[in-house]
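Chain by chain, the residues run as shown.
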Amino acid sequence: MATTGSQTQAALSDHNLTGRVALVTGGTRGIGAAICHALAADGAVVAAGYSSNQARADELRQAVEADGGTLSLHKGDIADAEDCARVVKEVIEQHGRLDILVNNAGITVDKGISKMSAADWDKVIKVDLSGAFYMSKPAIQHMLGRGSGRIINISSVAAEMGNIGQANYTASKAGLFGLTKTLAREAAFTLRMAGKLEKGIGLTVNCVTPGLIETDMVVTIPPFMVADFVERIPMHRMGQPEEIARVVCFLAQDASGYITGQIWDVDGGLNM
Ligand SMILES: NC(=O)c1ccc[n+]([C@@H]2O[C@H](COP(=O)([O-])OP(=O)(O)OC[C@H]3O[C@@H](n4cnc5c(N)ncnc54)[C@H](OP(=O)(O)O)[C@@H]3O)[C@@H](O)[C@H]2O)c1
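The structure reproduced in this document is the subject of the present report. As the structure is a computational prediction, the values presented were derived from the model and not from experiment. (Residues numbered from 1 in each chain as written. Predicted model: local features only at pLDDT ≥ 70, side-chain atom pairs only at ≥ 80, totals over all residues. Heavy atoms only, no water.)

### As for the pattern of salt bridges
For clarity, the threshold we go by: Salt bridge criterion: a side-chain nitrogen from Lys or Arg within 4 Å of a carboxyl oxygen from Asp or Glu. Relative accessibility under 20% of the residue-type maximum defines a buried residue, over 50% an exposed one, and the middle range a partly exposed one, all with a 1.4 Å probe and only protein chains included.
Applying the stated criterion across every chain yields a total of eleven salt bridges. Put simply, Arg97 and Asp99 hold a salt bridge, and the shortest N to O gap is 2.8 Å. A relative accessible area of 4% places Asp99 in the buried class. Note that Glu243 is salt-bridged to Arg237, the shortest N-O span being 2.8 Å. On the accessibility criterion, Glu243 (28% relative accessible area) is partly exposed.

### Focus on the nonpolar core
Spelled out, the test is: Residues enter a nonpolar core if they are buried and are Ala, Val, Leu, Ile, Met, Phe, Trp, Tyr or Cys, with the set joined through side-chain atoms within 4.5 Å. The contact definition used throughout considers only heavy atoms, calling two residues in contact when any of these lie within 4.5 Å.
One finds Ile35, Leu39, Val46, Leu71, Val102, Val208 and Val248 to be the most contacted residues of the largest nonpolar core, which totals 34 residues. Once residues lying within four places of it in the same chain are set aside, the contact partners of Val248 are Ile35, Val102, Ile152, Ile154 and Val208.

### A word on the site of the ligand
Convention followed: We call a residue near a molecule or strand whenever a single non-hydrogen atom of that residue lies within 4 Å of it. For this analysis, a polar contact is any N or O atom pair within 3.5 Å, provided that within protein one partner can donate a hydrogen and the other can accept it, and provided that sequence-adjacent residues contribute only side-chain to side-chain pairs. Surface accessibility follows the Shrake-Rupley procedure with a 1.4 Å probe radius. Residue values consider only the protein chains on display as shielding. Where helices and strands are cited, they refer to DSSP runs of H or I of at least four residues and of E of at least two residues respectively, numbered from the N terminus. Gly is put with the polar residues, along with every residue not named as nonpolar or charged; the nonpolar set is Ala, Val, Leu, Ile, Met, Phe, Trp, Tyr, Cys and Pro, and the charged set is Asp, Glu, Lys and Arg.
Around the ligand lies a shell of 30 residues, among which Ser52, Asn104, Tyr169, Lys173 and Thr215 are the nearest. At 3.1 Å, a side-chain N or O of Thr28 approaches an oxygen atom of the ligand. Tyr169 places a side-chain nitrogen or oxygen 2.5 Å from an oxygen atom of the ligand. Here the ligand loses 93% of its free accessible area of 920 Å² to cover by the protein chains. Residue assignment for the shell around the ligand shows that the elements contributing at least two residues are helix 2 (30-41), helix 7 (167-193) and helix 8 (216-219). If one sorts the elements of the shell around the ligand by residue count, helix 8 sits on top with three residues. Of the residues contributing to the shell around the ligand, the split by class is 13 nonpolar, 13 polar and four charged.

### Looking at the packing of helix 4 (residues 81-95) against helix 5 (residues 118-146)
Stated formally: Helix axes are fitted to C-alpha atoms over the stretch in contact, other axes to C-alpha atoms as well, and angles between N-to-C directions run from 0 to 180 degrees. Helix crossings get a hand from a simple test, with the near helix turned counterclockwise from the far one by less than a right angle marking a left-handed crossing and a clockwise turn marking a right-handed one.
It is at 8 Å that the axes of helix 4 and helix 5 come closest, and there the two elements cross at 40 degrees. When you trace helix 4 past helix 5, the crossing you get is right-handed. Here Ala81, Cys84, Ala85, Val87, Val88 and Ile92 of helix 4 lie close against helix 5, whose contacting residues are Gly131, Tyr134, Met135, Pro138, Ala139 and His142. Its residues placed into classes, the contact of helix 4 with helix 5 shows ten nonpolar, two polar and no charged.

### Things to note about the environment of Lys115
For Lys115, the location among the structural elements is in the loop between strand 4 (100-103) and helix 5. On a C-alpha basis, the gap between Lys115 and Gly178 in space is 27 Å, while along the polypeptide they are 63 residues apart.

### Focus: the sheet that holds strand 2 (residues 45-50)
Convention followed: Only when DSSP finds a minimum of two bridges between them are two strands counted as paired.
The strand order 3-2-1-4-5-6-7 describes an open sheet built from seven strands, whose pairing is parallel. Strands with a single pairing partner mark the edges of an open sheet, and in this sheet they are strand 3 (70-75) and strand 7 (263-266). If you compare each strand with its neighbour and ignore which way they point, the axes differ by 20 degrees on average. Relative to strand 4, helix 5 is tilted by about 170 degrees, and along the sheet it contacts strand 1 (21-24), strand 4, strand 5 (149-154) and strand 6 (203-210). Across the face of the sheet, helix 7 comes into contact with strand 5, strand 6 and strand 7 while running at roughly 165 degrees to strand 6.

### Some details on the pairing of strand 3
For the record, the criterion: Seen with its strands pointing away from the viewer, a crossover is right-handed if its path from the first strand over the helix to the second goes clockwise.
Note: strand 2 against strand 3, six bridges, orientation parallel. Pairing of Gly49 across the sheet is with His74, part of strand 3. Regarding the hand of the β-α-β motif, the stretch spanning strand 2, helix 3 (residues 54-66) and strand 3 is right-handed.

### Thoughts on the pairing of strand 5
A large share of strand 5 lies buried, amounting to six of its six residues. Of the two faces of strand 5, both are covered, the one formed by Gly149, Ile151 and Asn153 as well as the one formed by Arg150, Ile152 and Ile154. In this structure, strand 4 lies alongside strand 5, joined through four bridges in parallel fashion. Across the sheet, the residue bridging to Leu101 is Ile151, located in strand 5. Read from strand 4 through helix 5 to strand 5, the crossover connection turns out right-handed. Across six bridges, strand 5 lies against strand 6 in parallel orientation. Across the sheet, Arg150 pairs through a bridge with Thr204, a residue of strand 6.

Structure below.
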């Protein structure tokens, strides 16, 4: 699947994902929904994962289709390894391939350490960290077989800075840094050993760290804490889901094949 110089240039100039299949976990609301819209607008066939909110899932499908895009819905539990393998298989069977995996699904169960139970800890680690591993394992095997692919993990600025009341969340999201860098190295090494690491699309693994983004997740944060956060953001506002989606789309491009194992902060300058 190597690209020529002119193909690379074309991909750089028109952001063309036509013919690519992308799976976005937690793709039906918030940041995930914006990523689905953006990938579909770039021409990708999109598969959106979700856990239970059928109404929001149906709404997204209608909106993407109204814009001329193609989107399938895949209900499943990211905290369950077998269910993740089932969803990846389902997407490959339905669309014939999987080029881009965005590990975006995430939850919070915020409490100070003295009130955080082992169950609170385990629940968040399972969804926010183990879920990315459960999805990446079958996806990367498929991508290695094809010699190309993109995995993009959605972490958080909180993993870089720490955040009061989020020991479980920040530990999970920081775990994604290690997962990203190790999968990036393993993918490049495995392709090199197989003689498939030529100049071209490649198989890259990157991580995006959103700052405070205006979604349902932020509704759970007390308003005084949101106001305090915004005070500390140089851009002095919350980010929008579309501002995360544009970086994900950039990393997903064929022409982004020389970027791997990196952490991309999109946080209005909060972490600098
Ligand atoms: N919003 C922020 O300020 C912010 C900042 C930094 C990082 N992030 C990260 O960005 C990602 C998206 O955040 P968001 O604010 O867009 O979240 P959100 O609006 O709360 O949406 C979460 C999505 O994840 C899905 N999901 C939750 N638990 C799941 C499970 N067990 N199995 C499968 N899917 C599950 C939900 O499906 P249902 O609709 O069916 O529940 C929904 O589609 C998360 O990883 C989050 O940690 C967000």
